[in-house]
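Structural characterization, general
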Amino acid sequence: MLDRRGFLAGAGASLAGFAPWPAQAEAWPGKLVRFIVPFVAGGGSDVAARLLADELKRVFGASFIIENRPGMAGSIGAAEVAKAPPDGSAILIATPGVQMTNPFLYPSLPYDAVKDFRPIIHVAQLPSVLVVHPSLPVKTTAEFIAYAKANPGKLNFASNGPGSASHLAVELFKNLAGVDLVHVPYRGSGPALLDLVGGRVECAIDTLTAMMPQVRDGKLRALGVSTAKRVTLEPALPAIAEDLPGYEAVTLLYLTTGSGVPDGIVSRLNTALNEILALPTIRKRFEELGMLPTGGTPADLQAVIEAESLKWKRIIDVAGVKVE
């Protein structure tokens, strides 16, 4: 479901080659377009949004500005887009929390995760990596599973907080591997990484960007990437799924907008963004950020959202994950 798409090499016809758009789409973007980033400035989604906004300015000759609206694991920014006028003037750069996990973690949200949005494009995947402290006598995922089974409840895993991607990735691992690991939540990846390197917790699954510098310095040991197959970002690393079939836990980055935005506007955006994601300079920059550019149609993204929602709902229910 989450394998890299084959669209990027020739992604869509050129903008000049399309038939005339409906009048509302022709007029867009006649005014300011806001890129809503539901997280603080400086993170991966913020940087990606700024790269895409700059390219969209070039393509359309209009102003695309960034607004950071952090809070409630992305839900505050999502609500801003859901309630915006349905004219394509607000676009959300989203991660799974908005539609795929928050609906099952929070008792109420300021939007309807199914009805209030329409997909534009799947921008990128952010692979994670299973890491352990070097003191553990394991070098592969299979050895780690065997060690965890021999020591039930004795190994601790760090996460960036209850319900975070790093938390749910390990809950999925526990479920498929049948192991008992103890959750130690932190307020962000910085404190979690500090204790992981210090050996106060033994393992974690978090992004390549966060973990690989410590792996290269010998402070952590990488066992496998969280994608279904090996990735070009770290080709020497096996996939966790090679030892644990069916495992896949990848953070998605995608663009969505309000449900009432006309088809023509969404189509223009999708076409332009597929071309942008195929640019060598953009692909290189994304890969430097630990992201794999994806692309595709709105229907492709909708299928991913539906499948991932079902997967994470099951894990959240089985693990009894709660966010206070």
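Values in this document were obtained by computation on a predicted structure and should not be read as measured data.

**Points about the overall build of the protein**
Along its length, the protein carries eleven helices and eleven strands. Against the compact-globule benchmark of 20 Å for 324 residues, the protein has a radius of gyration of 20 Å, which places it among compact chains. Considering only C-alpha atoms, the protein reaches an extent of 65 × 40 × 30 Å along its principal axes. Long-range contacts, defined as pairs at least 24 residues apart, comprise 78% of the intrachain contacts of the protein with a sequence gap of at least 6. Counting every atom, the protein has about 13400 Å² of accessible surface; 56% of that belongs to carbon and sulfur. Computing the positive centroid from 30 side-chain charges and the negative centroid from 30, the protein places the two 2 Å apart.

**Looking at the packing of helix 7 (residues 189-197) against helix 8 (residues 208-216)**
Between helix 7 and helix 8, the shortest axis-to-axis distance is 12 Å and the interhelical angle comes to 25°. The orientation of helix 7 relative to helix 8 falls into the category roughly parallel. The handedness of the crossing between helix 7 and helix 8 is right-handed. Touching L193, L196 and V197 of helix 7 are A210, M211 and Q214, all from helix 8. Looking at the contact of helix 7 with helix 8, its residues break down into five nonpolar, one polar and no charged.

**Focus on the packing of aromatic side chains**
Summed over all chains, the structure comprises seven aromatic pairs. Look at Y111 and F117: their rings are 5.3 Å apart centre to centre, the planes differ by 80°, and that puts the pair in the edge-to-face class. Note on F117: relative accessible area 6%, which makes it buried. A centroid spacing of 5.9 Å and a plane angle of 50° characterise the contact between F144 and F173, whose relative ring orientation is tilted. Of this pair, F144 sits in helix 5 (residues 141-150) while F173 is found in helix 6 (residues 165-177), placing the two residues 29 residues apart along the sequence. On the basis of relative accessibility, which here comes to 1%, the residue F144 falls in the buried class. A connected cluster of aromatic rings, assembled from ring pairs, spans W28, F35, F60 and F64.

**Some remarks on the pairing of strand 5 (residues 128-132)**
Burial analysis of strand 5 places five of its five residues in the buried class, which makes it a mostly covered element. With burial as the criterion, each face of strand 5 is covered, one bearing S128, L130 and V132 and the other bearing V129 and V131. Pairing of strand 5 with strand 9 (residues 221-225), which is carried by four bridges, proceeds in the antiparallel orientation. Each residue of the ladder has a partner; that of V129, found in strand 9, is V225.

**Details of the side chain of D46**
Locating D46 in the fold gives a position in helix 2 (residues 44-60). Residue class for D46 comes out buried when judged on its relative accessible area of 2%. Engagement of the side chain of D46 in a polar contact is seen with the backbone nitrogen of G42, the distance being 3.0 Å. Once you skip the residues sitting within four places of it in the chain, D46 turns out to touch V37, V40, A41, I66 and N68.

**Focus: the side chain of S226**
For S226, the location among the structural elements is in the loop between strand 9 and strand 10 (251-258). At 2.7 Å, the side chain of S226 and the backbone oxygen of A249 are in polar contact.

Rules and cut-offs
Residues numbered from 1 in each chain as written. Predicted model: local features only at pLDDT ≥ 70, side-chain atom pairs only at ≥ 80, totals over all residues. Heavy atoms only, no water. Helix = DSSP H or I, 4+ residues; strand = E, 2+ residues; numbered from the N terminus. Rg over C-alpha atoms; globule rule 2.2 N^0.38 Å. Contact = heavy atoms within 4.5 Å. Areas by Shrake-Rupley, 256 points an atom, 1.4 Å probe, with all protein chains shown as cover. Lys, Arg positive; Asp, Glu negative; His and termini not counted. Charge placed at Lys NZ, Arg CZ, Asp CG, Glu CD. Axes fitted to C-alpha atoms, helices over the stretch in contact; angles between N-to-C directions. Parallel < 35°, antiparallel > 145°, perpendicular 65-115°, else oblique. Left-handed = near helix turned anticlockwise from the far one by under 90°. Nonpolar A, V, L, I, M, F, W, Y, C, P; charged D, E, K, R; others polar. Phe/Tyr/Trp six-rings, centres within 6.5 Å; stacked < 30°, edge-to-face > 60°. Buried < 20%, exposed > 50% of the residue type's maximum accessible area, 1.4 Å probe, protein only. Pairing = 2+ DSSP bridges. Polar contact = N/O pair within 3.5 Å; in protein donor to acceptor, adjacent residues only side chain to side chain.

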